[in-house]
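A structural walkthrough
Chain by chain, the residues:
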Amino acid sequence: MGGGVAGASAGYFLSAVGGVTLLEMESAPGYHSTGRSAALFSEYYGNRTVRALTAASRAFFMVPPPGFTDGRLLGPRGVVALCPHGAEERFAAVLASGLTTPTPVREIDADEVLRHCPIVRTGWYSRAMFKPAAMDIDVDLVHQGFLRGIRANGGTVVSSAKVRGLERRGGVWRADTDAGEYAAPVVVNAAGAWADEVAAMAGVRTVGLVPLRRTAFITDPPDGMDIARWPMVADVTETFYFKPESGRLLVSPSDATPSPPCDARPGDLDVARAAERVQEATTLVIRSVKHAWAGLRTAVPDDTPVIGAAPDAPGFVWLAGLSGYGVQSSPATGRLAAAAAMNTPVEIDVDPADVAPERCF
């Protein structure tokens, strides 16, 4: 249940061993969080478990299975992380964490910052680091590859299939949806911001998911500058980031505002804050916003994905709380959810207890 990258990845791996029906409530899969991703693959991002899931996904993205895609899933980008004055303790913690990754971060001086991105104001920050292994990820190619694989293996993707009722009878889960009734011995709950609602509908204990709104917008780059090779630029206190996007700049205030499950919309104040912060940290003049949007990154309090069989409901598997890490970790999280659905082991360097739903109770 859920046709975003989480549900699509689990369906992809399950379709290799059994019948899969993917139910998506919108008219097309990927409408919500997947389609509004910042599109960055970063093994520096998140806690220890998240970084392990991302690292376990790299090989899949670098060399996808035959037939998965005709395009390149990852491309060079990098991240310059700036330390605002007064945030040196936070900078030191991020730097120490980044030194433990497969491709370590390195501290850089003001000259190198300007070589990477010449619009950064040198006096705005006290220290800076570069994260060389962060990469762009083609979200649409990844998502469509998973969906294509489901169909190629005989599975079905059903859109406009919002679940209205879900119950287990005679050892089988039965879902009443806008597209008809569907039945299966195992349900994978990959409903994103709606995953707790799906669980409650089924009489399964919820895990305390909180959808968090994240705003972004597109604006023009400085006149006459070639921005194609600029890295993402962010600050370590997470008040903004910007990166090249199709010849323009994608800007975000890195907001995380609690929200009910919904079709998230950008707030004018969030857009204004992002513009103000970026203009303070750089020489960029934001004259207009070409397009603004918002998405929901849904998390539990420890900001770690919830993946595994529900302890209180046979045949109910969680794949939720992926926060902002869903796309970059999708091969690993999809494999974990598929293994939980099949009750088989999977070789990923993650302790199942660290992602198990019962840790949230």
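In case you missed it, the structure is sitting above this.
So, here's what we can say about the structure. (Residues numbered from 1 in each chain as written. Predicted model: local features only at pLDDT ≥ 70, side-chain atom pairs only at ≥ 80, totals over all residues. Heavy atoms only, no water.)

**What about unusual backbone geometry?**
Stated formally: Numbering of helices and strands starts at the N terminus; helices are DSSP runs of H or I of at least 4 residues and strands are runs of E of at least 2. Relative accessibility thresholds used throughout: buried, under 20% of the residue-type maximum; exposed, over 50%; partly exposed, between the two (1.4 Å probe, protein chains only).
With phi around 60°, E238 is a residue other than glycine that occupies positive phi space. Residue position: E238 is located in the loop between β14 (232–235) and β15 (241–245). We note that S323 has phi near 50°; this positive angle belongs to a residue other than glycine. Secondary-structure assignment places S323 in the loop between β20 (316–320) and α8 (330–342). For S323, a relative accessible area of 10% translates into the label buried.

**So, the sheet that holds strand β9 (residues 163–169)**
Filter applied, for reference: Any two strands are treated as partners once DSSP identifies two or more bridges connecting them. Axis definition: a line fit to C-alpha positions, over the contact stretch in the case of helices; interaxial angles, taken between N-to-C directions, run 0 to 180 degrees.
The sheet built from three strands is open, its strands ordered β9-β10-β11 with antiparallel pairing. In this open sheet, the two edge strands, each paired with only one partner strand, are β9 and β11 (180–184). Across the sheet, the mean angle from the axis of one strand to that of its neighbour is 15°, orientation sign disregarded. Judged from the five bridges that link them, strand β10 (residues 172–177) and β11 form a sheet pairing that is antiparallel. Its bridge partner lying in β11, T177 is registered against G180.

**Digging into the nonpolar core**
Formally: To form a nonpolar core, buried Ala, Val, Leu, Ile, Met, Phe, Trp, Tyr and Cys residues must be joined to one another through side-chain atoms within 4.5 Å. What makes two residues a contact is simply this: any of their non-hydrogen atoms within 4.5 Å.
Core analysis: the biggest nonpolar cluster contains 40 residues, and F61, I137, F146 and L319 have the highest contact counts within it. Per-element accounting of this core gives the leading share, seven residues, to helix α1 (residues 5–15). Setting aside residues no more than four positions away along its own chain, F146 makes contact with V5, A8, S9, Y12, F13, F60, F68, S330 and P331. Counting 29 residues, the second-largest nonpolar core is a separate cluster that includes M1, V158, A161 and V306.

**Description of the pairing of strand β18 (residues 291–299)**
Regular strands have side chains that alternate between both faces of the sheet. In terms of burial, β18 is largely enclosed, as seven of its nine residues are buried. The pairing of strand β13 (residues 210–219) with β18 spans nine bridges and is classified as antiparallel. For R214, the partnering residue across the bridge sits in β18 and is G295.

**Let's talk about the sheet that holds β20**
Spatially, β12-β20-β19 is the arrangement adopted by the three strands of the open sheet, whose pairing is mixed. Each edge of the sheet is formed by a strand with only one pairing partner; in this case those strands are β12 (187–189) and β19 (306–309). Between one strand axis and the next, the sheet turns by 15° as a mean value, whatever way the strands run. In terms of strand pairing, β12 meets β20 through three bridges, oriented parallel. Across the sheet, residue V188 finds its bridge partner in β20, namely V317.

**Observations regarding the environment of Y125**
Among the secondary structure elements, Y125 is positioned in strand β6 (residues 125–131). A residue is classified by how much of its surface remains accessible, and Y125, at 7% relative accessible area, is buried. If sequence neighbours within four positions are ignored, Y125 has contacts with L82, C83, P84, H85, A110, V113 and V120.

**Focus on the state of the cysteines**
Under the convention used in this document: To count as a disulfide, a pair of cysteine sulfur atoms needs to be within 2.5 Å.
This structure, assessed with the given rule, holds zero disulfides. Here C117 is not cross-linked by a disulfide; its sulfur's nearest cysteine counterpart is in C83, at 17 Å.

**Description of the packing of aromatic side chains**
The following threshold applies: Side-chain rings of Phe, Tyr and Trp, where Trp is taken by its six-membered ring, are said to pair if the distance between their centres is within 6.5 Å; with planes under 30 degrees apart they count as stacked, over 60 as edge-to-face, and otherwise as tilted. Remark: a charge is flagged as sitting over a ring if the NZ atom of Lys or the CZ atom of Arg is within 6 Å of the ring centre and within 35 degrees of the ring normal.
Applying the stated criterion across every chain, the model contains 16 aromatic pairs. Their ring planes at 70° and their centres at 5.7 Å tell us that F316 and W318 sit as a pair that is edge-to-face. Here R36 stacks its cationic end above the ring of Y31, 4.9 Å away from the centre of that ring.

**Let's talk about helix α5 (residues 139–152)**
Convention followed: To estimate the expected span of a helix, count its residues, drop one, and scale the result by 1.5 Å.
Between its terminal C-alpha atoms α5 stretches 20 Å, which fits the 20 Å expected from 14 residues at 1.5 Å a residue. Along α5, the residues that are buried comprise V139, V142, H143, G145, F146, L147, G149 and I150. The first or second residue beyond α5 is G154, which carries a positive phi of 95°.

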